[in-house]
Structures are given as C-alpha cells and as structure tokens.
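Here are the chains, one letter per residue:
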Amino acid sequence: MKKYLITILLTTIMNIAFGQKEKTSYKSVADSFEMNYNTDNFEEIFSSFSTDMQTALPLDKTKEFLTGLKTQAGKITKRQFVKYEQTFASYKTNFERALFAVNISVDNNSKINGLFLKPFKESDLPILVRNATKLILPFKDEWTVTWGGDTKEINYHIESEAQKNAFDFVITNDEKKSFRTDGNTNEDYYAFGKELIAPCDGEVVLVVDGVKDNIPGVLNPIYVPGNTVIIKTQNNEYLFFAHFKQYSISVKEGQKVKQGQLLGLCGNSGNSSEPHLHFHIQNVEDMNSATGVKCYFDKIQVNRQTKTDYSPIQKEKISN
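The following paragraphs examine the structure supplied in this document. (Residues numbered from 1 in each chain as written. Predicted model: local features only at pLDDT ≥ 70, side-chain atom pairs only at ≥ 80, totals over all residues. Heavy atoms only, no water.)

1. Quick notes on the overall build of the protein chain
The cut-off we apply is this: Secondary structure elements follow DSSP: runs of H or I of four or more residues count as helices, runs of E of two or more count as strands, with numbering from the N terminus. A simple rule labels every residue: compare its accessible area, found with a 1.4 Å probe on the protein chains alone, to the largest value its type can have, and call it buried under 20%, exposed over 50%, or partly exposed in between. In this analysis, two residues are considered to be in contact whenever any of their non-hydrogen atoms come within 4.5 Å of each other.
For the protein chain, the count of helices and strands is four helices and 18 strands. Once the C-alpha set of the protein chain is aligned to its principal axes, its extents read approximately 75 × 35 × 30 Å. In the protein chain, buried positions account for 49% of the 320 residues. A fraction of 61% describes how many contacts in the protein chain between residues 6 or more apart in sequence connect residues 24 or more apart.

See below:
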C-alpha cells in the first residue's frame, strides 16, 4: 500500500492551547470519516476536505490511499479520542487487521485540512497524574478505608502499576469490626449487598458478572477482580470497580450512566477475603497495560469533617 502523509499548515491557524477533551466539531468530523470509510463512500470523504487539502490530495489519490488502507487494514471497528497534538485530534483506532493512530485536523469551517496515520504505540497515550473529572464517592452512607495512601504500609496496592493508587473500602461499626457476629457468612458483613454508585457521568466499557461470591476467608485467584465494572469518563479516565455481588450488576457495556446511578451491589467475588469494594482509576481500559491514576474526590466527609479535592487514606471514615 502506498503511504501518504498529508499535513497542511494554514497560515491562518489560530494559536489555541487545546485541552484533552474531544471538541464537538472534531467528533462530528471523525464520526463522519469513520462512517464513510467503512461504507466505501470515499467521494464523500473527499468532499469533507478543505480546498487546500483537495489540492494536496486530489480525488483519484484520495481513493487510491483509502482503498489501499481498506485492503491492508480492513474496516474501523473502534475509535477512541486520545489527545490533541497542535491542531490535530489523535484517535486510537482499531481496524479489523491493524491498530493505527488516526490524526485529523479541522479548520474553522469544519473541513479536514490535515490527515495522517501512523502505527499506534502505548506511549502515544497521555500521562494521567490525577483525575480531572469531579468525583463523588462510589457508595452511600459512611465507609472505612482499609487500604489507601501512598506507602506500602497503608496501601499494599502500590506494588502494582495499574492499582498503585487503589482503595479498598468496607463498612465498620463503633468497635472497628466489619461484621456483626462471627463473620462466617457474607451476610454477616455490613458492606455485603450495599449499593455501589457511579462517581460521575460516563460510559460503561466493561462488565463482568456471574463470578460466585466467596466464603469469607477463601479467595478466588482465578479471576482476581471478580465481578467487575469499568466506566470511562469524558476525560479518558477508566474507573475500575471490583468484587461485586454475583448477578447484582445493573448496567451493561456501552451504556451511558449518570453520577449517582446504581451500578450493582457490594460483594465478595474474586481474590477477596471479605465483602468490600476495590476501586481505582487507570489510564487505559486493559489493566494488564494500564498505569494507575491518583484519585481525588471533589467534596467528602472525612472523619465527620469536610474535605475538598481529597484523596483518603487508610483508617479514615468517609462519606459523601
């Protein structure tokens, strides 16, 4: 396949410092490009080019380039906005037989004035230090942080690249116990069956349900997270919830959720010794290649005192 690298720099381009949220104008153009590419409507793609772009890549060359791409890579199956690079919006784009970074630049008239593809690398993803999205706690009532913080002594998760900023939450009584009597059954634990909610608006990108709840003290190392939900935020943060109660998850993959919406019930599935919620943020969906992101909650009660933009630590009692 012949490769074309088309980068048109217009003298009238404005000097804009882009944020990392996809703009509506870019999304509309990218959606249209994907639809027309998948349906072989290459003339429509050409008509979406600016005048300078059409000069640089005439219709016959546009068709040749897109036909060659389709032959080699196949249709687009998934597209994810990643970041802005100068005037270009960069998309991690899964084709049937390839993975590319598709970069599109749009002028003030929503015409494509720049387009190029390159092999996608994980290093192309933005580095997320902390969440930009404002979050509430993922539960109601008051819970206790059993693991959380920046040192191994108070958060054993830090040894995992994806989970290094994770929390484990339980509910405890005045004697700091997480169960009512002897703790031999899941139902004896205060957290078991409690509602877990969405900390913000987002899209559900992964649901795993059907994993049996453990007998307390007996772990399941085969599927470590147990019943799982992952929510993608508008800022490309991936909120990871683990250990839901079996068959309690009330959302589906692809579903848009609102802040405070019920996700499911707290359980004891996966590599879990007692009913609790494991929660962390990562920079990509796949935990095997993810990097953990420091998590701050917008406004919460910590030991009955109000804290804003706060990341709780072990032994603190927290509520919305």
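2. Observations regarding the packing of aromatic side chains
Put simply, the test is: Only Phe, Tyr and Trp rings take part, Trp by its six-membered ring, and two of them pair if their centres are within 6.5 Å. Stacked means planes under 30 degrees apart, edge-to-face means over 60, and tilted covers everything else. Both a distance and an angle decide whether a charge sits over a ring: NZ of Lys or CZ of Arg must be within 6 Å of the ring centre and within 35 degrees of the ring normal.
Throughout the structure, instances matching the rule amount to 17 aromatic pairs. On the numbers, 6.2 Å between centres and 10° between planes, the contact of F33 with Y37 is stacked. Taken together, the residues span about one helical turn, with F33 and Y37 both in helix α1 (residues 24–38) at a distance of four residues. No difference in accessibility class separates F33 from Y37, as the two residues are buried. Relative to F100, the ring of F95 has its centre 5.6 Å away and its plane inclined at 80°; by these criteria the two rings are edge-to-face. By relative accessible area, which is 5% here, F95 ends up buried. The class for F100 is buried, based on a relative accessible area of 12%. Here the aromatic cluster, defined as three or more aromatic residues joined through ring pairs, consists of F139, W143, F167, F169, F241, F279 and F297. Positioned above the aromatic ring of Y37 is the side chain of K70, whose terminal nitrogen or guanidinium carbon lies 5.2 Å from the ring centre.

3. Considering the environment of E195
Note the threshold: Residues adjacent in sequence count toward polar contacts only when both atoms are side-chain atoms; beyond that, a polar contact is any pair of N or O atoms within 3.5 Å, and within protein one must be able to donate a hydrogen and the other to accept it.
Considering the arrangement of structural elements, one finds E195 in strand β8 (residues 195–197). Each C-alpha atom, one on E195 and one on G264, is 6.0 Å from the other, the two residues being 69 residues apart in sequence. When residues no more than four places from it in sequence are discounted, the contact partners of E195 are P138, F139, K140, L262, G264 and L265. Only 2.9 Å separates the side chain of E195 from the side chain of K140, close enough to count as a polar contact.

4. Observations concerning the packing of α1 against helix α4 (residues 59–73)
Which entries qualify depends on this criterion: Where helices are involved, their axes are fitted lines through C-alpha atoms of the stretch in contact, as for all axes, and angles between N-to-C directions lie from 0 to 180°. Roughly parallel here means an angle under 35 degrees, roughly antiparallel means over 145, roughly perpendicular means 65 to 115, and every remaining angle is called oblique. Each residue gets one label: Ala, Val, Leu, Ile, Met, Phe, Trp, Tyr, Cys and Pro are nonpolar, Asp, Glu, Lys and Arg are charged, and the others, such as Gly, are polar.
Relative orientation of the contacting elements α1 and α4 amounts to 75°, with a least axis distance of 11 Å. Compared by their axis directions, α1 and α4 come out roughly perpendicular. On α4, the residues touching F33, Y37 and N38 of α1 are L66, L69 and K70. Considered class by class, the residues forming the contact of α1 with α4 number four nonpolar, one polar and one charged.

5. Re α4
The cut-off we apply is this: How far a helix is expected to stretch is found by multiplying one less than its residue total by 1.5 Å.
For α4, built from 15 residues, the straight-helix expectation of 21 Å at 1.5 Å per residue is met to within 8% by its first-to-last C-alpha distance of 21 Å. Among the residues making up α4, those that are buried are T62, F65, L66, G68, L69, K70 and A73. Where α4 is buried, its residues touch α1, α2 (42–47), β3 (88–95), β4 (99–106) and β5 (112–119). G74 lies just past α4 and shows a positive phi near 85°.

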